[in-house]
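# Structure at a glance
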Amino acid sequence: MIRILLADDHAIVRAGLHALLDSSVAESDSGEDIEVIGEVATAEEAVAFCSTTSVDLVLMDLRFGPGKSGADATAAVRDLPKPPNVLVVTNYDTDADILGAIEAGACGYILKDTPPSELLAAVRSAAAGESVLSPSVASRLMTRVRKPDTTLSAREIEVLRLVADGHSNREIGKRLFLSETTVKSHLVHIYAKLGVKSRTSAVARARERGAI
């Protein structure tokens, strides 16, 4: 039996996933192999639930509004004494989102427009601890491997996201515990990789590429 927790701030998404998983049980030749044992609407609730209840797999959204993110919850859940596996199920496929989730310990990352049959296969694979990626996500990761000189690093993405939010170099340094000189160095590398000469152009180009 695969014991599943649904973590998403949209009730209609949780209901859809629940119905899909229930239908797979009804149609399965192997019997009832999946059970949804809980639903939560915040990252904090996901961590609290897994801290007190035996869960095999969390289907985790990435963005919950105010409070912790899905990546934060994933990291906290994976730090538990008997951690469940985490499969990210989201609408977001930027480099920053993908890298953040994987670095936090998610074993899979799929998009919400994944066909039902593929989602069900991903659930079973992720529950077994196997790596599962949507084709577009796998393509992005392969691009990072094949073109490391033109692909932004995780730290560079962090810096650029803060630039996009309107923060100065000094403010970025304080938030990331970096010196202003280091922030400027990151920006130089970002400009070179993106082929731009300004902060505004860097943000625009990164958004075009889906990096932020």
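All figures in this text were calculated on a predicted structure; none of them were measured in a lab.

How each quantity is defined
- Residues numbered from 1 in each chain as written.
- Predicted model: local features only at pLDDT ≥ 70, side-chain atom pairs only at ≥ 80, totals over all residues.
- Heavy atoms only, no water.
- Helix = DSSP H or I, 4+ residues; strand = E, 2+ residues; numbered from the N terminus.
- Rg over C-alpha atoms; globule rule 2.2 N^0.38 Å.
- Buried < 20%, exposed > 50% of the residue type's maximum accessible area, 1.4 Å probe, protein only.
- Contact = heavy atoms within 4.5 Å.
- Areas by Shrake-Rupley, 256 points an atom, 1.4 Å probe, with all protein chains shown as cover.
- Lys, Arg positive; Asp, Glu negative; His and termini not counted.
- Charge placed at Lys NZ, Arg CZ, Asp CG, Glu CD.
- Arc of directions from axis to C-beta.
- Polar contact = N/O pair within 3.5 Å; in protein donor to acceptor, adjacent residues only side chain to side chain.
- Phe/Tyr/Trp six-rings, centres within 6.5 Å; stacked < 30°, edge-to-face > 60°.
- Lys NZ or Arg CZ within 6 Å of the ring centre and 35° of its normal.
- 1 Å grid on protein atoms, 1.4 Å probe; cavity = no way out; pocket = protein on both sides within 12 Å on 5 of 7 lines; lining within 4 Å.
- Points joined across faces, edges and corners; volume = space filled by probe spheres on them.

Of regular secondary structure, the protein possesses 10 helices and six strands. Compactness check: the protein gives a C-alpha radius of gyration of 19 Å against a globular reference of 17 Å for 212 residues, within 12% of the reference. Expressed as lengths along the three principal axes of its C-alpha atoms, the size of the protein is roughly 60 × 30 × 30 Å. Residues classed as buried in the protein amount to 45% of the 212 residues present. Taking as baseline every contact in the protein between residues at least 6 positions apart, the subset at least 24 positions apart corresponds to 63%. Accessible area of the protein: about 10,700 Å², with a carbon and sulfur share of 52%. Here the protein holds 24 positive side-chain charges and 29 negative ones, and the gap between their average locations is 12 Å.

The next point concerns helix 3 (residues 70-78). Residues G70, A71, A73, T74 and V77 constitute the buried set of helix 3. Down the axis of helix 3, the buried set is contained in an arc of 160°. They therefore lie on one face. Tucked inside the fold, the buried residues of helix 3 contact helix 2 (43-52), strand 3 (57-60), strand 4 (85-90) and helix 4 (95-104).

Attention shifts here to the side chain of N85. The topology assignment puts N85 in strand 4. Setting aside residues up to four positions removed in sequence, N85 forms contacts with D56, L57, V58, R78, C107, A126, A127, A128 and G129.

For the rest of this paragraph, the subject is unusual backbone geometry. The phi angle of most residues is negative, glycine excepted, and most peptide bonds adopt the trans form. A positive phi angle is found at F177, which is not glycine, with a value near 60°. By secondary structure assignment, the location of F177 is in the loop between helix 8 (169-176) and helix 9 (180-194).

Residue position: T52 is located in helix 2. A distance of 3.5 Å separates polar atoms of two side chains, one belonging to T52 and the other to T53.

It is worth spelling out the packing of aromatic side chains at this point. Under the defined criterion, the tally for this structure stands at zero aromatic pairs. In this structure, R63 packs its charged tip against the face of Y92, placed 3.7 Å from the ring centre.

Moving on to the layout of surface pockets. Taken as a whole, the largest pocket encloses approximately 610 Å³ of empty space. S69, A71, A96, D97 and R161 are, among the 25 residues lining the largest pocket, the residues nearest its centre. Put simply, the parts of the chain that give the lining of the largest pocket at least two residues each are helix 3, helix 4, helix 7 (154-164) and helix 8. The element that contributes the greatest number of residues to the lining of the largest pocket is helix 4, accounting for six residues.

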